[in-house]
Amino acid sequence: MRIAVIGLGDIATKAYLPVLTRLPELELVLCTRNPEKLAAVAREYRIAETCRDYRELVHMNIDGVMIHTSSETHASIATFFIEQGVPVFVDKPAALNFADYQKLHYLAEQKSVPLFVGFNRRYIPIWRSLVARDDLRTISWHKHRLNLVGAAQDFVLDDMIHVIDSLNLHGKIDQQDMQVSVQRQGSDIAMINLSWEENGTLFNGQMNRQFGKTCESVSLSFDNEAYQFDSFLRGEKCESGKTERTEMADWTDTLETKGFKAMLEDWVDVAKSGQLDEQVKRRNLSTHAFCEQLLGRISGA
């Protein structure tokens, strides 16, 4: 199976290529406009086929394409390949506004081509089975950074979208009863906190970009049972008054603990079958729609 990788920045070289090059069924083609970068990465991963213009890829017998370019180019490049009938994996956000994402979604439906959006936190193994439980009572997801206040669009679409999508378990966030708190530093956003209730489950999400360190934590509770994770590797389970550690096995690869391995295996299956689950499509739509709605509330606050 031949997969093209477009864009060879940090996310592609640090998170994707180390996993993709270990999947034996894949044959990779690299694409970037920078000739020095292209040659260096191809040499490092021993990849023979390359090109500098993504439009050339349609003549290279590819079975799928992965888009890791700058966010503002995602929608146009994805559109090009969907129109050619090529399965697409695109980093989040797939588009900078919901109207453009809807166009992508409907084009993919019309062409019967899967549009896969790269949300690795859906696949984190240490808590993946827990967030899927029907008896979830509360979930709190906090993702913080050190001294990195920023413009609202960058804050939400480049970073907090991870928190939003991770809490968007059923693909139907409703803003009607949602509480939104925002802290600003001048014209920049320093912190956003969200809380709402959905079918008896309480949800809380927060990103603070003036925190004391860069970190991420997840808390989940059920009837007389609770879990707290301060990393992708380990956490604590509390039940019947007792606390026990829960953690990944020693020597588990970092990209597996962060969900990239399972996500990319799923992507390969989707590209092979040409089918993407309907619930995943709804979740992708809902996450992008909510990000735009949240930006509207922030700008109107």
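Residues numbered from 1 in each chain as written. Predicted model: local features only at pLDDT ≥ 70, side-chain atom pairs only at ≥ 80, totals over all residues. Heavy atoms only, no water.

The chain is annotated in an unreviewed UniProt entry as Gfo/Idh/MocA family protein from Enterovibrio norvegicus.

**Focus: the pattern of salt bridges**
Here is the rule we go by: Just to be clear on terms, a salt bridge is a Lys or Arg side-chain nitrogen sitting within 4 Å of an Asp or Glu carboxyl oxygen. Secondary structure counts use DSSP, requiring at least four H or I residues in a row for a helix and at least two E residues in a row for a strand, with both numbered from the N terminus. Throughout this description, buried means an accessible area under 20% of the type-specific maximum (1.4 Å probe, protein chains only), exposed means over 50%, and partly exposed covers the range between.
For the structure shown, the criterion picks out 20 salt bridges. Among the ionic pairs, Asp10 bridges to Lys14, the shortest N-O distance being 4.0 Å. Of the two residues, Asp10 and Lys14 are both situated in helix H1 (residues 10-20); the distance of 4 residues between them amounts to about one turn of the helix. Exposure class is identical for Asp10 and Lys14. Each is exposed. When the shortest N-O distance is used, the salt bridge between Arg283 and Asp165 registers 3.7 Å. With Arg283 in helix H9 (residues 278-300) and Asp165 in helix H6 (residues 152-167), this pair connects stretches of sequence that are 118 residues apart. You'll find Arg283 and Asp165 in the same group, each marked buried. Taken together, the shared-partner salt bridges connect Lys143, Arg145, Asp159 and Arg209 into one network.

**Notes on the nonpolar core**
To be explicit about the condition: Among buried residues, those of type Ala, Val, Leu, Ile, Met, Phe, Trp, Tyr and Cys that are joined through side-chain atoms within 4.5 Å constitute a nonpolar core.
Formed by 69 residues in total, the largest nonpolar core has its most connected members in Leu57, Phe81, Trp127 and Leu220. At 8 residues, H6 tops the list of elements feeding residues into this core. Core analysis: the second largest hydrophobic core is formed by 30 residues, Tyr16, Tyr123, Val270 and Ala271 among them.

**Focus: the side chain of Arg121**
In plain terms, the rule: Any pair of nitrogen or oxygen atoms within 3.5 Å is treated as a polar contact; in protein, a donor-acceptor pairing is required on top of that, and neighbouring residues in sequence qualify only through side-chain atoms on both sides. Here a residue-residue contact requires only that any non-hydrogen atoms of the pair lie within 4.5 Å.
Along the chain, the position of Arg121 falls in the loop between strand E6 (115-118) and helix H5 (125-131). You can call Arg121 buried: its relative accessible area is 13%. Of the polar contacts made by the side chain of Arg121, one reaches the side chain of Asn120; its length is 3.4 Å. Beyond its immediate chain neighbours, meaning those up to four positions away, Arg121 contacts Trp127, Trp141, Lys143, His162, Ser166, Glu216 and Phe232.

**Examining the sheet that holds strand E12 (residues 225-229)**
The cut-off we apply is this: Strands are labelled as partners when DSSP assigns at least two bridges between them. Only C-alpha atoms enter the line fits that serve as axes; for helices the fit covers just the stretch in contact. Angles between N-to-C directions range over 0 to 180 degrees.
Spatial ordering of the open sheet is given by E8-E9-E10-E7-E11-E12-E13-E14, a layout of 8 strands whose pairing is mixed. Since the sheet does not close on itself, it has two edges, and those belong to strand E8 (179-185) and strand E14 (242-247), each with one partner. On average, each strand axis in the sheet is inclined to that of its neighbour by 10°, with strand direction left out of account. Relative to strand E10 (residues 201-208), strand E9 (residues 188-198) runs antiparallel, the two sharing 8 bridges. The residue of E10 that forms the bridge with Glu197 is Leu202.

**Description of the packing of aromatic side chains**
What characterises a pair of aromatic rings is the spacing of the ring centres plus the angle enclosed by the ring planes. Operational definition: The pairing test for Phe, Tyr and Trp rings, Trp by its six-membered ring, is centres within 6.5 Å, and the orientation test on the planes gives stacked under 30 degrees, edge-to-face over 60, and tilted for anything in between. Two conditions define a charge located above a ring, namely a distance within 6 Å from the ring centre to NZ of Lys or CZ of Arg, and an angle within 35 degrees of the ring normal.
Per the stated rule, a full pass over the model turns up 14 aromatic pairs. A centroid spacing of 5.8 Å and a plane angle of 55° characterise the contact between Trp127 and Phe232, whose relative ring orientation is tilted. In this pair, Trp127 sits in helix H5 while Phe232 sits in the loop between E12 and strand E13 (234-239), placing the two residues 105 residues apart along the sequence. The buried category is assigned to Trp127, whose relative accessible area is 2%. Ring geometry for Phe222 versus Tyr227: centroids 6.1 Å apart, planes at 85°, classification edge-to-face. For the residue pair Phe222 and Tyr227, the accessibility class agrees, reading buried in each case. Here the guanidinium or amino end of Arg55 rests over the ring plane of Tyr54, the centre of that ring lying 5.6 Å away. Its end group placed over the ring of Phe155, Arg209 keeps NZ or CZ at 5.0 Å from the ring centre.

**Section: empty space enclosed by the protein**
Keep this limit in mind: Here a cavity denotes grid points, spaced 1 Å and computed from the protein atoms alone, that fit a 1.4 Å probe unable to get out, and a pocket denotes an open set having protein on both sides within 12 Å along at least 5 of 7 lines; residues with an atom within 4 Å of a point are the lining. Grid points are joined across faces, edges and corners, and a volume is the space filled by probe spheres set on the points. Basically, the charged four are Asp, Glu, Lys and Arg, the nonpolar ten are Ala, Val, Leu, Ile, Met, Phe, Trp, Tyr, Cys and Pro, and anything else, Gly included, counts as polar.
Tallied over the full model, the rule gives 2 cavities of 30 Å³ or more. Of the pockets and cavities examined, the largest cavity occupies roughly 60 Å³. Among the elements of the structure, helix H4 (98-111) and H9 are those that each provide at least two residues to the lining of the largest cavity. In the lining of the largest cavity, the residues fall into 5 nonpolar, 2 polar and 2 charged.

**As for the side chain of Ser221**
Position of Ser221 among the secondary structure elements: in strand E11 (residues 215-222). When its relative accessible area of 17% is taken as the criterion, Ser221 is described as buried. Here Thr138 takes part through its side chain, which lies 2.4 Å from a polar atom of the side chain of Ser221. Among all residues touching Ser221, those that are not within four sequence positions of it are Asp135, Leu136, Arg137, Thr138 and Ala226.

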